[in-house]
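Each chain, written out:
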Amino acid sequence: QTQISSGAVLRNRFDLLEVLGHGGMGTVYKALDKRDVEAGNTKFIAIKIINDEYKDDSDLLKALHAEARKTQSLAHPNIVTVYDFDRDGNHVFMVMELLEGKSLSQFIKEDCADGIPFKAAWHIIKGLSLALAYAHAKDIIHSDFKPGNVFIGADGSVKVLDFGIACAVVRSDLHKEDTVFNARDLGALTPAYASLEMLQGKAPDPADDVYALACVCYEILCGNHPYAKLSAQKALEVKIDIPVISGLDRRVRQALTHALA
């Protein structure tokens, strides 16, 4: 990454205040929009600057831009809001709402290392499920759903991140675009949460996200990944038996088992 320092200004508009974190796709900064400040709104925003290895690939950049535009239509309380996608010289960036709290991966590690009861977990599980169902209804698949891409707000809100690198479903009855963006082309796939079909390179399907969701739900409920972080392919080869989570009623247990298959 060609590091851009805090204090820099993008598009003569966005003041980068501090680095919040680094991810597979880029670096996230806490920022202010000068236009908002002029209008009397000092609410902070987040700016994700895309890593160098992606910004110079014109095909991937076009696809990323197209999908970022689509995610702007994902107006849902459980999905992080994406305001814009732009570039300033060599810097390609995404403008998003700023979230305060912790990632679900932190939450699992710090607050439910031994799991939490279903009733206590339901608020999170419901939020994740509603977010994915809403995106799937708009023919958008996340493709890299995992605890690191979920945020638990300080107010208890649940937000799914990184739909900007999601896969768009192109069905035969929909208008086909020249470029269909696939997160796998960017190395965004995470083996421990990728479905067997994803690992085999098959076409994106909402079921890919359902499998990942089931792995995440299992982790929340018992503190451990159902397949000990092995890929679906490896878990199938070694025939891992998923430990049963005690305290779940029959209906919930069956739904979780089915989604993890």
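Quick look at the structure, then. Keep in mind the model is a prediction, meaning the values are calculated, not measured. (Residues numbered from 1 in each chain as written. Predicted model: local features only at pLDDT ≥ 70, side-chain atom pairs only at ≥ 80, totals over all residues. Heavy atoms only, no water.)

## Some details on the sheet that holds strand S2 (residues 14–22)
Step number 1: Strand order across the open sheet formed by 6 strands is S1-S2-S3-S4-S6-S5, with antiparallel pairing between neighbours. In this open sheet, the two edge strands, each paired with only one partner strand, are strand S1 (9–10) and strand S5 (82–88).
Step number 2: Where S5 lies against strand S6 (residues 91–97), 6 bridges are found, and the strand directions are antiparallel. Along S6, the bridge assignment pairs Asp84 with Val95. (Pairing = 2+ DSSP bridges. Helix = DSSP H or I, 4+ residues; strand = E, 2+ residues; numbered from the N terminus.)

## Quick word on the pattern of salt bridges
Step number 1: Inspection of every chain in the model, using the stated rule, returns 8 salt bridges.
Step number 2: We note a salt bridge from Arg11 to Asp86, for which the minimum N-O separation is 3.2 Å. Note that Arg11 is positioned in the loop between S1 and S2 and Asp86 in strand S5, a separation of 75 residues in sequence.
Step number 3: For Arg11, a relative accessible area of 47% gives the class partly exposed.
Step number 4: The class of Asp86 is partly exposed, set by a relative accessible area of 24%.
Step number 5: With its nearest N and O atoms 2.5 Å apart, the salt bridge here joins Asp162 to Lys48. Residue Asp162 is located in the loop between strand S10 (158–160) and strand S11 (167–168), and its partner Lys48 is located in strand S4 (residues 45–50); the two are separated by 114 residues in the primary sequence.
Step number 6: Taken together, the salt bridges that share partners define one network made up of Lys102, Glu110 and Asp111. (Salt bridge = Lys/Arg side-chain N within 4 Å of Asp/Glu carboxyl O. Buried < 20%, exposed > 50% of the residue type's maximum accessible area, 1.4 Å probe, protein only.)

## Thoughts on the packing of helix H7 (residues 206–222) against helix H9 (residues 250–260)
Step number 1: Relative to each other, H7 and H9 sit at 130°, their axes nearing to 8 Å. It follows from the interaxial angle that H7 and H9 lie oblique. Crossing hand, H7 versus H9: left-handed. Residue-level inspection shows Val210, Tyr211, Ala214, Cys215, Cys217, Tyr218 and Leu221 of H7 in contact with H9, the latter providing Leu256, Ala259 and Leu260.
Step number 2: A breakdown of the residues in the contact of H7 with H9 according to their chemical character gives 10 nonpolar, no polar and no charged. (Axes fitted to C-alpha atoms, helices over the stretch in contact; angles between N-to-C directions. Parallel < 35°, antiparallel > 145°, perpendicular 65-115°, else oblique. Left-handed = near helix turned anticlockwise from the far one by under 90°. Contact = heavy atoms within 4.5 Å. Nonpolar A, V, L, I, M, F, W, Y, C, P; charged D, E, K, R; others polar.)

## Some remarks on the packing of aromatic side chains
Step number 1: Summed over the entire model, instances satisfying the criterion amount to 2 aromatic pairs.
Step number 2: Ring centres of Phe14 and Phe93 lie 5.8 Å apart, and the angle between their planes is 70°; this geometry places the pair in the edge-to-face category. In this pair, Phe14 is assigned in strand S2 and Phe93 in strand S6, connecting sequence segments 79 residues apart. Comparing Phe14 with Phe93, the two get one shared label, buried.
Step number 3: Ring plane angle 35° and centroid distance 5.6 Å describe the contact between Phe118 and Trp122, whose orientation is recorded as tilted. Of this pair, Phe118 and Trp122 are both found in helix H5 (residues 118–137), 4 residues apart, which corresponds to roughly one turn of the helix.
Step number 4: Phe118 sits in the partly exposed class, given a relative accessible area of 25%.
Step number 5: Judged by its relative accessible area of 40%, Trp122 is partly exposed.
Step number 6: The ring centre of Phe44 lies 4.1 Å from the NZ or CZ of Lys30, which sits over that ring. (Phe/Tyr/Trp six-rings, centres within 6.5 Å; stacked < 30°, edge-to-face > 60°. Lys NZ or Arg CZ within 6 Å of the ring centre and 35° of its normal.)

## Side note on H7
Step number 1: Over its 17 residues, H7 extends 25 Å from the first C-alpha to the last, a length consistent with the 24 Å expected when each residue adds 1.5 Å.
Step number 2: Most of H7 sits out of view: 14 of its 17 residues are buried.
Step number 3: Capping the start of H7, Asp205 holds a side-chain oxygen 2.8 Å from the backbone nitrogen of Ala207, two or three residues further along.
Step number 4: Residue Gly223 follows H7 closely and has a positive phi angle near 90°. (Expected span 1.5 Å × (residues − 1). Polar contact = N/O pair within 3.5 Å; in protein donor to acceptor, adjacent residues only side chain to side chain.)

## Some remarks on the pairing of S4
Step number 1: Most of S4 is tucked away: 6 of the 6 residues are buried.
Step number 2: Burial along S4 is two-sided: Ile45, Ile47 and Ile49 and Ala46, Lys48 and Ile50, pointing in opposite directions, are all buried.
Step number 3: Sheet topology places S4 next to S6; 5 bridges connect them, and they run antiparallel. Across the sheet, Ile49 pairs through a bridge with Phe93, a residue of S6.

## Examining the packing of H5 against H7
Step number 1: Between H5 and H7, the shortest axis-to-axis distance is 10 Å and the interhelical angle comes to 165°. Taken as axis vectors, H5 and H7 run roughly antiparallel relative to one another. Between H5 and H7 lies a crossing of right-handed hand. The residues of H7 that touch H5, namely those facing Phe118, Ala121, Ile124, Ile125, Leu128, Ser129, Leu132 and His136, are Pro206, Asp209, Leu213, Val216, Cys217, Ile220 and Leu221.
Step number 2: Here the contact of H5 with H7 is built from residues that sort into 12 nonpolar, 2 polar and 1 charged.

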